[in-house]
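So the chains spell out like this:
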There are 2 protein chains.
Amino acid sequence: MNKPIRVIQCGLGVIGCNAARLVLEKKSLQLVGAVDPAPHVVGRDLGDVLDLGHKLGIRVADKLSTALQKKRADAVLHCTGSSFAGVYDQLAEIVRNGLHCVTSCEEALMPYYRAPKLAAQLNRLCARHGVSVLGTGVNPGFVMDTLATLTTAVCQRVHSINVLRVVDAATRREALQRKVGAGLEITEFRRLARELKIRHVGLTESLVFIAEALGWNLDEVDESIAPVLAEKTVQTKFLTVRKGQAAGVRQVATGWRRGKKALELELQMYVGARNPRDEIAVEGVPPMRVVVEGGTAGDEATPAILVNCLPRLIEATPGLQTMATIGLARAIL
Amino acid sequence: MNKPIRVIQCGLGVIGCNAARLVLEKKSLQLVGAVDPAPHVVGRDLGDVLDLGHKLGIRVADKLSTALQKKRADAVLHCTGSSFAGVYDQLAEIVRNGLHCVTSCEEALMPYYRAPKLAAQLNRLCARHGVSVLGTGVNPGFVMDTLATLTTAVCQRVHSINVLRVVDAATRREALQRKVGAGLEITEFRRLARELKIRHVGLTESLVFIAEALGWNLDEVDESIAPVLAEKTVQTKFLTVRKGQAAGVRQVATGWRRGKKALELELQMYVGARNPRDEIAVEGVPPMRVVVEGGTAGDEATPAILVNCLPRLIEATPGLQTMATIGLARAIL
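Residues numbered from 1 in each chain as written. Chains lettered and ligands numbered in written order. Predicted model: local features only at pLDDT ≥ 70, side-chain atom pairs only at ≥ 80, totals over all residues. Heavy atoms only, no water.

### Description of the domain arrangement of chain A
Residue and element names in this part refer to chain A. As far as domains go, chain A holds domain 1 (5-137 + 301-321) and domain 2 (146-295). Inter-centroid distance (C-alpha atoms) of domain 1 to domain 2 is 27 Å. In this complex, domain 1 contributes nine residues to the contact, which on the side of domain 2 involves 10 residues. For the domain 1 and domain 2 pair, buried surface summed over both sides reaches about 950 Å², with 68% attributable to carbon and sulfur atoms. (Domains from an automatic or database assignment. Contact = heavy atoms within 4.5 Å. Buried area = accessible area lost by both parts, 1.4 Å probe.)

As C-alpha cells, then:
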C-alpha cells in the first residue's frame, strides 16, 4: 500500500462536508486540513462541523495558507463555486502551493469552453508546479458526459448522441429543490431563470466535453430552460408545490454538427418526476442504448466521484486534466 | 489535425479483416501494411482479401519484418490468438520494432493474471522501446470489465458487483456459434468443454481486472461452464439446434473477498436467447444498476474498440497498459 494521499478540504457546504466525511473513511486518503471562511465554521474543530460526535484535531482555517502552516498536504478537494472564472484565484493558489486539486466547480469540467485564457494559464501553472487540476462531479462529470463518451468506445461510427437525465428532486437536498425552482409561480420562475438564478450549471459543459472527446467541431451550441408544471400538489420534506406552480426545471443543451442535431442533452429535475433514470442513446454502428435504472443518486454520487478521482489525478501528467485524460475513474479503498 | 497513425494489421481472420476495413474509414489512421502467413491470403493484395472491390497496393506479408521493409509504421492491430503466452513472441517482435500494439488477445486484458513473468518482461520491453501494448475488445475489454469499473466511480462504497451478459448467438458469426457449442449433443458439449474447446476466453480476466482496479485482494476466483439446453428446435443461418441439444454456453466467474461473494460475472451465449442485454449491478452506496438494452453487438463492437483505442495507447506512458490506465476510450474520427 502506498502512503495515504494527504487531503485538505476547501469549502464546507453540503457537498464539501460529505466529501470530507468520505475522505475520513478511505484508507488511501488522510484528511489533514479544512478551509472555509464562513463565520459559523471557521476556527471550529472539523469533527464538530461534520457532526461526527468526536473531535478530529483539525481546526477549520479561514484560508489555505493558514491550513498549510500546520500540515503538509498533497491535494485539495475544492467545493466552493460553479464558475471557473469565479474560483480561478482559489485554484491558482492551490496549484502555486504545489497541491493537486479535484474541484466540484461545474465549469471546470471543460474550462476551456467559457474561460479559454484562464484555463490555458492554469494549465501552464500546473505544469510549472508539477500538479494537476480536475473538475468533476456526478453531473457534470459522470452521467451525461463521461459515461456517454465511454459508451461510444464500441462504436465504429457515431451519428448522434442523446442523453436524458430525469431526477425526482423530492429525493434531493433542500438547496437543490430550491435551485430548480420547485414551488415557484411560473412568472417568478421565468424571471429567476432569466437572471440565471434557476438552472443546472454545466449542461453545455457536458455537451462540449463529449464533442471535444469525439473530435467533433460543432457548428452551434445552445441551451434552453423551461419550468415543468406541477400536475398536482406535491409535498416534499422541505417545501410544497401546488398544482400549476413550477415543480422544477427542464433544461436542454443541443449541439449541431454538419447542419444536423448531433448532440442533445436533456435534464429534467423536478419534484414528483416519474421513472427517474439516466438514458444514453447513441445512434451509430452499432447503436447503443445504456440506461442507469433509477438514475444516479446525485447527493451520494458527487462526493464519491470527487474523492475517487484523487489517485487518478495524482498519477496523471501535470496539467489541467479532464475526465477524458485521467485513467479510468473507479471506486477507491 | 495530427498526422495519421500508420497502422499494420496483423492477423486477417474475421475480426482482423473488420478492424482493417475500419482503419481504412478513419481519417486519423492510415493502413500501411498487413501480415498473415495463411496460404490463402499471403502475397495477395489486401483490397482483394477484404473484398473491397478495388486494390489497396498493400500486399499481405508472411511476417512483420517483410511488411516493415516496405513501409514505416507507428502501430499494429494484432488479432491472432487468445492466449497471452501463445502470442507473446509476436507481441515482443512488434515492440522490438518500436511499434505500439492494440491486441484482441483476450488474456492480454489482464496479462499479469496468467502470465505474470511474461507480462513484466513485455512491460520492460515496452519501456525500453518507448511503446505501449494494450489488450481490449468488447468482451473482455468493455462490457463486463471497463464499463462495470467506471460505474463504481460514483460509489462511496462498493460491496459487490454482478454483471450479466446475455447474447443471442444466432445474431453472431458462425465461428462464434460453433465456439459456444450450439447444436452439440450434451455429452459432446461436456467433453469439448473439458478440453477447453468450448468456452469464452477472458471471463476470469474481466473479473480480475475489476478486482485489481478497485484494489481488492480476492481470496479465491473460480469459473464454471455449463451447456444451455435448447427448449425447442432453433435454426440459424449457419446451423440447426434440436430440442435437448446444447444451444450454447452459460459461463460464470466468481470472486470471493473477505469470505463473501464480491464479484460474479455471468455470460450466457446461446442461440435463441431471449432479452439479450448487458446488466451491471453494483451493491454499494449509492447502488447502481446499468443496463445496455439489447446488449452490445459484439461483431461490430470488437473491431471498433480495437481501432478506437489506438490514439489513447499512443498518448500513454510507454509500457504494458490496461483499459484502466489509458485515457477514456471513445469513438475516433
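### Structural notes on the packing of aromatic side chains
All names here are of chain A. A complete count under the given rule lists two aromatic pairs over all chains for this structure. Residues phenylalanine 84 and tyrosine 88 carry aromatic rings whose centres are separated by 6.2 Å and whose planes lie at 70 degrees to one another, so their mutual orientation is edge-to-face. Of the two residues, phenylalanine 84 and tyrosine 88 are both situated in helix α4 (residues 84-96); the distance of four residues between them amounts to about one turn of the helix. The buried category is assigned to phenylalanine 84, whose relative accessible area is 1%. Residue classification places tyrosine 88 among the buried positions, given a relative accessible area of 6%. (Phe/Tyr/Trp six-rings, centres within 6.5 Å; stacked < 30°, edge-to-face > 60°. Helix = DSSP H or I, 4+ residues; strand = E, 2+ residues; numbered from the N terminus. Buried < 20%, exposed > 50% of the residue type's maximum accessible area, 1.4 Å probe, protein only.)

### What about the environment of leucine 147 of chain A?
The residue leucine 147 of chain A is located in helix α7 (residues 146-151) in this model. Residue leucine 147 of chain A is classed as buried on the basis of its relative accessible area, which comes to 1%. Through-space distance from the C-alpha of leucine 147 of chain A to that of leucine 239 of chain A is 33 Å; in sequence the pair is 92 residues apart. If near-sequence neighbours (up to four positions away) are discounted, leucine 147 of chain A is found in contact with Phe142, Ile280 and Val292 of chain A together with Leu147 and Leu150 of chain B.

### What about the environment of glycine 181 of chain A?
Residue and element names in this part refer to chain A. Within the secondary structure layout, glycine 181 lies in the loop between α8 (174-179) and α9 (186-194). Residue classification places glycine 181 among the buried residues on the basis of a relative accessible area of 0%. Linking glycine 181 and arginine 330, residues 149 residues apart in sequence, is a C-alpha distance of 33 Å. Residues contacting glycine 181, with those up to four places away along its chain left out, are Phe189, Ile198 and Ala246.

### Considerations on the pattern of salt bridges
All names here are of chain A. Here the structure, examined in full by the defined rule, presents 40 salt bridges over all chains. Note that arginine 172 and aspartate 299 form a salt bridge whose closest N and O atoms lie 3.1 Å from each other. Here the residue arginine 172 occupies a position in the loop between β6 (157-168) and α8, and aspartate 299 occupies one in helix α11 (residues 298-308), the gap between them amounting to 127 residues. For arginine 172, a relative accessible area of 10% translates into the label buried. Its relative accessible area of 23% is what places aspartate 299 among the partly exposed residues. (Salt bridge = Lys/Arg side-chain N within 4 Å of Asp/Glu carboxyl O.)

### Regarding the sheet that holds strand β10 (residues 246-257) of chain A
Ordered in space as β7(A)-β10(A)-β11(A)-β6(A)-β12(A)-β13(A)-β13(B)-β12(B)-β6(B)-β11(B)-β10(B)-β7(B), the 12 strands form an open sheet in which the pairing is mixed. At either end of the open sheet lies a strand with only one pairing partner, and these are β7 (220-229) of chain A together with β7 (220-229) of chain B. For this sheet the average axis-to-axis angle between neighbouring strands, irrespective of direction, equals 10 degrees. By the bridge criterion, eight bridges tie strand β6 (residues 157-168) of chain B to strand β11 (residues 260-270) of chain B in an arrangement that is parallel. Bridge assignment links arginine 165 of chain B to a residue of β11 of chain B, and that residue is leucine 267 of chain B. (Pairing = 2+ DSSP bridges. Axes fitted to C-alpha atoms, helices over the stretch in contact; angles between N-to-C directions.)

### Describing unusual backbone geometry
Following valine 285 of chain A, the chain continues to proline 286 of chain A via a peptide bond in cis, the omega torsion being -15 degrees. Cis geometry is adopted by the peptide bond preceding proline 140 of chain B, which originates at asparagine 139 of chain B and carries an omega value of 5 degrees. Summarising the element assignment, proline 140 of chain B is placed in the loop between β5 (132-135) and α7 (146-151). Positive phi outside glycine occurs at aspartate 51 of chain A, with the angle close to 55 degrees. Its location among the elements puts aspartate 51 of chain A in the loop between α2 (46-49) and α3 (64-70).

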